[in-house]
Amino acid sequence: MAMLCPVPTAADSDADVISTSHEHPRAFETIFDRHFFAIHRFLRARVGPELAEELAGETFTRAFGGRRRYDTDYADARPWLFAIATNLVRSQRRAEARRLGAYARLDPREAVASHDEAADRRLDAADRGPAIGRALEALRGGDRDALLLVAWGDLTSEEAARALDVPVGTVRSRLHRARAQVRAALEEGIHDG
């Protein structure tokens, strides 16, 4: 007689669902359903749409494979998933550097956005795209990771610290430094332009 998989409810924490998935692997689908969009959105911003799909899938494949090592003291699995995604991005660092360099060289008058993206963008953001790309490219890797986890991943400083496996004070320092560098680069771009 086959044992039925208990269906996780919205009230179940991610830790509860992951624990259930040890005996009932299909329960892990709930983690995918809850967090795929946020992980995919973060990865899309980091590596572009083509690679985001692949890395998002790989993020959940690795999470599923490593679910027995998940620390169930943490109810929310988002920082753990973002850590996996960030590590995958690190593996793609050279490609990311080339992509950010391309943003830096982009002529905003030649940029054409898709209908979905165009609806979400403001005109001044398109004009500042090259400067933002240059500023992000110039950041140290740890500073860039912290900034993008908070800005594009919508993580708190505490969650980003967990994702990067560093103290929260380190993340706050990296955020402060990264924001200051990006702000200075954008201000310099305004004065140069």
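Residues numbered from 1 in each chain as written. Predicted model: local features only at pLDDT ≥ 70, side-chain atom pairs only at ≥ 80, totals over all residues. Heavy atoms only, no water.

## Some thoughts on the overall build of the chain
A count of helices and strands for the chain gives 10 helices and zero strands. Counted from the first residue to the last, the chain has its helices and strands arranged as α-α-α-α-α-α-α-α-α-α. Each of the 193 residues in the chain was classed as buried or not, and the buried ones make up 40%. Long-range pairs, those at least 24 residues apart, make up 62% of the contacts in the chain between residues at least 6 apart in sequence. Summed over its atoms, the accessible surface of the chain is roughly 11400 Å², and 52% of this surface lies on carbon and sulfur atoms. (Helix = DSSP H or I, 4+ residues; strand = E, 2+ residues; numbered from the N terminus. Buried < 20%, exposed > 50% of the residue type's maximum accessible area, 1.4 Å probe, protein only. Contact = heavy atoms within 4.5 Å. Areas by Shrake-Rupley, 256 points an atom, 1.4 Å probe, with all protein chains shown as cover.)

## Some thoughts on the pattern of salt bridges
For the structure on display, the rule yields 11 salt bridges. Measuring nitrogen to oxygen at the nearest pair gives 3.7 Å for the salt bridge that ties R140 to D143. Taking the relative accessible area as the measure of exposure, R140 reaches 52% and is therefore exposed. One continuous salt-bridge network, built from bridges that share partners, spans R46, R90 and D145. (Salt bridge = Lys/Arg side-chain N within 4 Å of Asp/Glu carboxyl O.)

## Description of the confidence of the model for the chain
Averaged over all residues, the pLDDT of the chain is 82; the fraction at 70 or higher stands at 77%. Note that pLDDT drops below 50 for residues 118-123; the model gives that stretch two contacts with residues more than four away or on any other chain. (pLDDT = per-residue confidence, 0-100.)

## Points about the side chain of R67
With respect to the helices and strands, R67 occurs in the loop between α3 (49-65) and α4 (78-91). Apart from the residues lying within four places of it in its own chain, the contact partners of R67 are I18, S21, H22, P25, F28 and W80.

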